[in-house]
Amino acid sequence: MPTKIYSLYSHFYDSLFGALLHSGRRMASILMDIQPGERILEVGIGTGISLPLYRRDTDIIGIDISWDMIKRAREKKQRLGYHNVKLCIMDASEMAFRDNYFDKVIASHSIAVIPRPLETLKEIKRVCKENAEFFFLNYAGSDDNLVAKFEKALSPIRCKLGLGKAINLEKLLNSANFNIDFKDRINTFKLVQIIKCRNNGV
Ligand SMILES: C[S@@+](CC[C@H](N)C(=O)[O-])C[C@H]1O[C@@H](n2cnc3c(N)ncnc32)[C@H](O)[C@@H]1O
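Definitions and limits used
- Residues numbered from 1 in each chain as written.
- Predicted model: local features only at pLDDT ≥ 70, side-chain atom pairs only at ≥ 80, totals over all residues.
- Heavy atoms only, no water.
- Salt bridge = Lys/Arg side-chain N within 4 Å of Asp/Glu carboxyl O.
- Helix = DSSP H or I, 4+ residues; strand = E, 2+ residues; numbered from the N terminus.
- Buried < 20%, exposed > 50% of the residue type's maximum accessible area, 1.4 Å probe, protein only.
- Near = heavy atom within 4 Å.
- Polar contact = N/O pair within 3.5 Å; in protein donor to acceptor, adjacent residues only side chain to side chain.
- Areas by Shrake-Rupley, 256 points an atom, 1.4 Å probe, with all protein chains shown as cover.
- Nonpolar A, V, L, I, M, F, W, Y, C, P; charged D, E, K, R; others polar.
- Phe/Tyr/Trp six-rings, centres within 6.5 Å; stacked < 30°, edge-to-face > 60°.
- Pairing = 2+ DSSP bridges.
- Right-handed = clockwise from strand over helix to strand, strands pointing away.
- Contact = heavy atoms within 4.5 Å.
- 1 Å grid on protein atoms, 1.4 Å probe; cavity = no way out; pocket = protein on both sides within 12 Å on 5 of 7 lines; lining within 4 Å.
- Points joined across faces, edges and corners; volume = space filled by probe spheres on them.

S.K.: Lay out the pattern of salt bridges with the relevant residues and their values.
M.R.: This model, assessed by the stated rule, comprises ten salt bridges. Note that lysine 76 and aspartate 14 form a salt bridge whose closest N and O atoms lie 2.7 Å from each other. Pair noted here: lysine 76 is in helix α3 (residues 67-80) and aspartate 14 is in helix α2 (residues 13-32), with a separation of 62 residues, a long-range link. Given the relative accessible area of 30%, aspartate 14 is considered partly exposed.

Structural data, given as structure tokens:
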């Protein structure tokens, strides 16, 4: 399902979700505080919309299950000359990387659309170094009970549109033994969640 809908989205994803979600992506890149030489994984990189936010003296590896999204990201990489970026078609819930490989991981608006989110979080932990840091952006929905009910009713439609199911990311992160260091609500109406975690060694 995600591959089909994202093949379609690949043509207009940047126009639709570029400016709309930019401030969150920018905040995440600042929070990541990427250092020269670090190896970074972006899970569900899509069209590579975040690439301009990363420094060039690092190794950036982006994975996505959709061939068409990766194709767009490759075009962007080529056009902007990001020689430090590698892009792979890969299922985030079954990654082909070895253990203890990455320094930092970001999953920007991808955990809710990945069919097996818990397995993905476990994989993210596996491929990261012991002192790694993890960053998540996720549509969290409203805090207001009434609006939340309305959002819940719309959830099946969101799913059909490939915008992800309503997940409780904090609960998922706890189940996968992530320690949450920082969390905030951002963007218009504070509907997007930004979370920073670290490996708790379990
Ligand atoms: C909403 S887009 C997010 C794109 C980008 N990271 C952003 O910030 O806008 C979600 C992406 O997750 C990808 N995706 C869905 N399931 C996946 C899986 N199992 N493994 C890897 N990527 C997946 C989709 O193909 C899509 O490109």
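S.K.: I'd like to hear about the site of the ligand, residue by residue, with values.
M.R.: Around the ligand there are 22 residues in total, and Tyr13, Arg25, Gly44, Asp64 and Ser108 lie nearest to it. Within the contact set of the ligand, an oxygen atom lies 2.9 Å away from a side-chain nitrogen or oxygen of arginine 25. Between glutamate 42 and the ligand, the recorded distance is 3.2 Å, taken from a side-chain N or O atom to a nitrogen atom. When isolated, the ligand has an accessible area of 600 Å², and the protein chains bury 98% of it. Partitioned by chemical class, the residues of the shell around the ligand number twelve nonpolar, six polar and four charged.

S.K.: Quick one: what's the story with the packing of aromatic side chains, residue by residue and with numbers?
M.R.: Scanning the entire structure with this criterion turns up nine aromatic pairs. Centroid distance tyrosine 13 to phenylalanine 17: 4.9 Å. Interplanar angle 45°. Geometry classified as tilted. Linking tyrosine 13 with phenylalanine 17, this pair stays in helix α2, spanning four residues, or about one helical turn. The pair tyrosine 13 / phenylalanine 17 is uniform in exposure class, with both members buried. Summarising the aromatic geometry, the rings of phenylalanine 97 and phenylalanine 102 are spaced 5.0 Å apart at their centres and angled 85° between planes, so their arrangement reads as edge-to-face. Its relative accessible area of 12% is what places phenylalanine 97 among the buried residues.

S.K.: Explain the pairing of strand β2 (residues 59-64) to me, using residue names and the numbers behind them.
M.R.: Successive side chains on a regular strand alternate, one facing one side of the sheet and the next facing the other. Where burial is concerned, most of β2 is hidden: five out of the six residues are buried. When strand β1 (residues 39-43) meets β2, the two strands line up parallel, connected through five bridges. Across the sheet, the residue bridging to valine 43 is isoleucine 63, located in β2. Tracing the backbone out of β2, into α3 and back to the parallel element strand β3 (residues 85-89) gives a crossover that is right-handed.

S.K.: Before we move on, could you go through the side chain of serine 108 and cite the residues and values that matter?
M.R.: Here serine 108 shows up in strand β4 (residues 102-108). For serine 108, a relative accessible area of 8% corresponds to the buried category. With residues up to four places along the chain from it excluded, the contact list for serine 108 reads Arg25, Glu42, Val43, Gly44 and Leu137.

S.K.: Tell me about the environment of asparagine 174, and please be specific about residues and values.
M.R.: Positionally, asparagine 174 belongs in helix α6 (residues 169-175). Sequence spacing of asparagine 174 and valine 85 is 89 residues, and the spatial spacing of their C-alpha atoms is 31 Å.

S.K.: Outline empty space enclosed by the protein, supporting the account with residue identities and numerical values.
M.R.: Counting across every chain of the model gives one cavity of 30 Å³ or more. Here the largest cavity defines a volume of roughly 40 Å³. For the largest cavity, the full set of lining residues is Arg25, Ala28, Ser29, Met32, Ser50, Tyr54, Ile106, Ser108 and Leu137. Among the secondary structure elements, those contributing two or more residues to the lining of the largest cavity are α2 and β4. Broken down by element, the residue count for the lining of the largest cavity peaks at four residues, all from α2.

S.K.: So, unusual backbone geometry: which residues are in play, and what are the values?
M.R.: Phi angles above zero are rare outside glycine, and histidine 109 is one such case at about 55°. The backbone of asparagine 177 shows a phi angle near 60°, a positive value even though the residue is not glycine. Mapped onto the fold, asparagine 177 is located in the loop between α6 and β6 (178-186). Take asparagine 177: its relative accessible area is 33%, and that puts it in the partly exposed class.

S.K.: I'd like a description of the side chain of threonine 47, backed by residues and values.
M.R.: Within the secondary structure, threonine 47 is located in the loop between β1 and β2. With relative accessibility at 2%, the residue threonine 47 sits in the buried group. A polar contact of 2.6 Å, which involves the side chain of threonine 47, links it to the side chain of aspartate 14. If near-sequence neighbours (up to four positions away) are discounted, threonine 47 is found in contact with Ser10, Tyr13, Asp14, Met69, Arg72, Ala73 and Lys76.

The values are spatial; any link to function lies outside them.
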